[in-house]
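Examination of the molecular architecture
Chain by chain, the residues run as shown.
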Amino acid sequence: MNAQPTLIDGRLHDLGDGFTVRRLLPVLAARHVGPFVFYDHMGPVDFAPGRGMDVRPHPHIGLATVTWLFDGTIRHRDSLGSLADIRPGAVNWMTAGRGIVHSERTPPDVRATGQRMHGIQVWVALPRGQAEVAPEFHHHEADALPCIRQPGVELVLIAGTGWGAASPVKVFAPMFFAEARLDAGAGLVLPAEHAEHGVHVVEGEVSWGGLDVAEGRMAVQSGAAPAIKASRASRVMLFGGAPLDGERHLWWNFVAAETDRIEQAKADWREGRFPVVPGDEQEFIPLPG
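Residues numbered from 1 in each chain as written. Predicted model: local features only at pLDDT ≥ 70, side-chain atom pairs only at ≥ 80, totals over all residues. Heavy atoms only, no water.

Moving on to the overall build of the chain. The number of helices and strands found in the chain is 2 helices and 23 strands. Compactness check: the chain gives a C-alpha radius of gyration of 18 Å against a globular reference of 19 Å for 289 residues, within 12% of the reference. In the chain, buried positions account for 54% of the 289 residues. Expressed as a percentage of contacts within the chain between residues at least 6 apart in sequence, the contacts between residues at least 24 apart total 70%. Of the charged side chains in the chain, 26 are positive and 34 negative, and the gap between their average positions amounts to 2 Å. (Helix = DSSP H or I, 4+ residues; strand = E, 2+ residues; numbered from the N terminus. Rg over C-alpha atoms; globule rule 2.2 N^0.38 Å. Buried < 20%, exposed > 50% of the residue type's maximum accessible area, 1.4 Å probe, protein only. Contact = heavy atoms within 4.5 Å. Lys, Arg positive; Asp, Glu negative; His and termini not counted. Charge placed at Lys NZ, Arg CZ, Asp CG, Glu CD.)

Moving on: the sheet that holds strand β11 (residues 115-125). Backbone-to-backbone hydrogen bonds pair the strands of a sheet. The strands run either parallel or antiparallel. Taken together, the 7 strands give an open sheet; going across it, the order is β2-β3-β4-β11-β6-β9-β12, and neighbouring strands pair in antiparallel fashion. A single partner strand is all that each edge strand has here, and the edge strands are β2 (11-14) and β12 (136-140). Taken pair by pair, the neighbouring strands of this sheet meet at an average axis angle of 15 degrees, ignoring direction. When strand β6 (residues 63-71) meets strand β9 (residues 91-95), the two strands line up antiparallel, connected through 5 bridges. (Pairing = 2+ DSSP bridges. Axes fitted to C-alpha atoms, helices over the stretch in contact; angles between N-to-C directions.)

With 12 residues, helix α2 (residues 259-270) should reach 16 Å at 1.5 Å per residue; the first-to-last C-alpha distance of 17 Å fits that figure. Listed in full, the buried residues belonging to α2 are I262, A265, K266, A267, D268 and W269. Looking at the buried positions of α2, the neighbouring elements they touch are β5 (54-60), β10 (100-105), β22 (249-251) and β23 (254-256). (Expected span 1.5 Å × (residues − 1).)

To continue, consider the pairing of β9. Successive residues of a regular strand alternate their side chains across the two faces of the sheet. Most of β9 is tucked away: 5 of the 5 residues are buried. Residue alternation in β9 divides its side chains into two sets, V91, W93 and T95 and N92 and M94, and both sets are buried. Relative to β12, β9 runs antiparallel, the two being bridged by 5 bridges. Directly across from M94, in β12, lies its bridge partner F137.

Turning next to the packing of aromatic side chains. Under the definition given, this model contains 12 aromatic pairs. On the basis of an interplanar angle of 70 degrees and a centroid distance of 5.7 Å, the ring pair of W269 and F274 is categorised as edge-to-face. With a relative accessible area of 12%, F274 lands in the buried category. An aromatic cluster is built from W251, W252, F254, W269, F274 and F284, whose rings are joined through pairwise contacts. The positively charged end of K266 is found above the aromatic ring belonging to W251, 4.1 Å away from the centroid. (Phe/Tyr/Trp six-rings, centres within 6.5 Å; stacked < 30°, edge-to-face > 60°. Lys NZ or Arg CZ within 6 Å of the ring centre and 35° of its normal.)

This part covers the pairing of strand β13 (residues 147-150). Relative to strand β14 (residues 153-162), β13 runs antiparallel, the two sharing 4 bridges. Each residue of the ladder has a partner; that of Q150, found in β14, is V153.

Spelled out as structure tokens, the structure:
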């Protein structure tokens, strides 16, 4: 990454029923930003009554997945027996480590009435020395997360450290992940303790280091970060951290420093050696290809 912010457009994927996902990381310009190796912007989509999200059970290794919603409800189940409905303002942090299986679905009562779905999902690569830790799942309600207020700015620190605060979410390397709302003309300085930074504009438009970042776009940079300034009322996601400790291989839902570990995970899923998800045992996503 460059010291000056670099613009990222991402790629739009249509998942059906009007549900689109814009994948912003990884791209050629930025395979990772801090420990963030994958970044999806989901929706917004309005599901009609009877419709919803159904991500069948699937495995992960070597990463933590993070879900952050602006609208809607998602029911998380995993092979540890975790069951949690995530709603706007709360955070689900799932550490896959040596292996976990989970599903994400619209709860039956919400499906019956329909809902708007809009949010962010990211993958955070675990440090090499902790890639094989035992899997964990943690759910934090909105009132547990630090809120920072500055003139014209309201910010929620989802994970990591920044702006003199620390989130209670368990992380494995220096990082920050936050949502900020800025009034038109308001400015915000990014955390100086982190070496790599990303800005994703969910709504509105901001200026960052002389670069105009429009709605739906992302920009990334390394080194001392310039402040962002809102050209109009904006909602932005801010993220980054220490540089990743080496490259990672990403294949399907697996992240690893070595390709042999990816091959082992493929074989384990193909041969049914991953654990099942209690309460969601009847379906699964087959190994691609």
